[in-house]
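Observations on the model geometry
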Amino acid sequence: MRERRYEMPVDLAALLGPHQHGGYDPTWRRTGDGAFWMTKRTPDGPGTLRLTRHGGQAWGAGASWLLDSLPGLVGADDDLSGFTVHHEVLKGLAVPRIGRSGLVFEALVPAVLEQKVVGREAWRAWRYLLRKYGTQPPGPAPEGMRVMPEPEVWRQIPAWDWHRAGAEAVRARTIATAAWHAAKLEAAADSASLDRLLRALPGIGVWTSAEVRQRCFGDADAVSVGDFHLAKIVGWALTGEKADDAEMMRLLEPYRGHRHRACVLVGLSGLRPPARGPRLSARDYRSF
């Protein structure tokens, strides 16, 4: 076990939340004592990380890497310079920091699973695949947690297990293809380079690239264009009317350089358009 004392931000849940995929994510856990647990496959190997407001503890081959990257994960080196609130409804809210994991493939797989489906459907697939192919985490991780498998494993998952997970062939093929290029993706020097590499792969577009870069690089300007809800929420919060993607980007233009941060701030405002009908239900691809 390795340990690093570090004065954490007050709202660890908000900083770490984007790295959680559903309430039963096998790589993420919050325990009754208020600690946050995360498992990660680092460049040095698997590791388990436990975070409290006073610092972090880590176990496994990836322990040193996890503690070295801890300030980035909790947004300590996030650059807020140049961010100014331009809309009255957002003034007075605490400006959110954006953390970065430094791990591309860890962010890419769940982002692909979340393409064009409701969250519950994607999280069910993520949970099934991690429980089936993930490895036991090092150290005293809470029961049921798993470490994400290596890219080679994702390339070899058979069609019937993708089916059992509820992921159709398109998303399965996208993940398997990306796994062949995982080393190149992980070596990307910056967010712009990663964007070019990701969007050169079949099945990965603007939305998926933005979701990955937000988590991996902490890119405060990567807007999830194409999201089912985001444009409507941003438009409603800033103008009182729903917007499409083009209108959303026009509204966010004053925040260029921090447009994703502005979207997070909109989310913190709690302003959302009223629901007009029942929520979309999760498909069960396993029955197709």
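Structure: see above.
I will try to describe carefully the structure that is included in this document. (Residues numbered from 1 in each chain as written. Predicted model: local features only at pLDDT ≥ 70, side-chain atom pairs only at ≥ 80, totals over all residues. Heavy atoms only, no water.)

This part covers the pairing of strand β5 (residues 55-59). For β5, the tally of buried residues reaches five of five residues, placing the bulk of the element in the interior. The side-chain alternation of β5 yields two buried faces, one formed by G55, Q57 and W59 and the other by G56 and A58. Here four bridges tie strand β1 (residues 2-5) to β5, and the two strands are oriented antiparallel to one another. Residue pairing across strands places R2 opposite A58, the latter belonging to β5. Judged from the five bridges that link them, strand β4 (residues 45-52) and β5 form a sheet pairing that is antiparallel. Bridging across to β5, L51 finds its partner in G56. Taking the residues between adjacent antiparallel strands as the criterion, β4 and β5 are bridged by two residues. (Buried < 20%, exposed > 50% of the residue type's maximum accessible area, 1.4 Å probe, protein only. Helix = DSSP H or I, 4+ residues; strand = E, 2+ residues; numbered from the N terminus. Pairing = 2+ DSSP bridges.)

What follows concerns the sheet that holds strand β2 (residues 28-30). An order of β1-β5-β4-β3-β2 is seen for the five strands of this open sheet, with the pairing classed as antiparallel. Of all the strands in the sheet, the pair left with one neighbour each is β1 and β2. Neighbour-to-neighbour, the strand axes of the sheet open up by a mean angle of 20°, direction not taken into account. Note that β2 and strand β3 (residues 36-42) share three bridges and pair antiparallel. When the sheet's bridge partners are listed, R30 is paired in β3 with F36. (Axes fitted to C-alpha atoms, helices over the stretch in contact; angles between N-to-C directions.)

Scope: geometric values only; no functional claims are made or implied.
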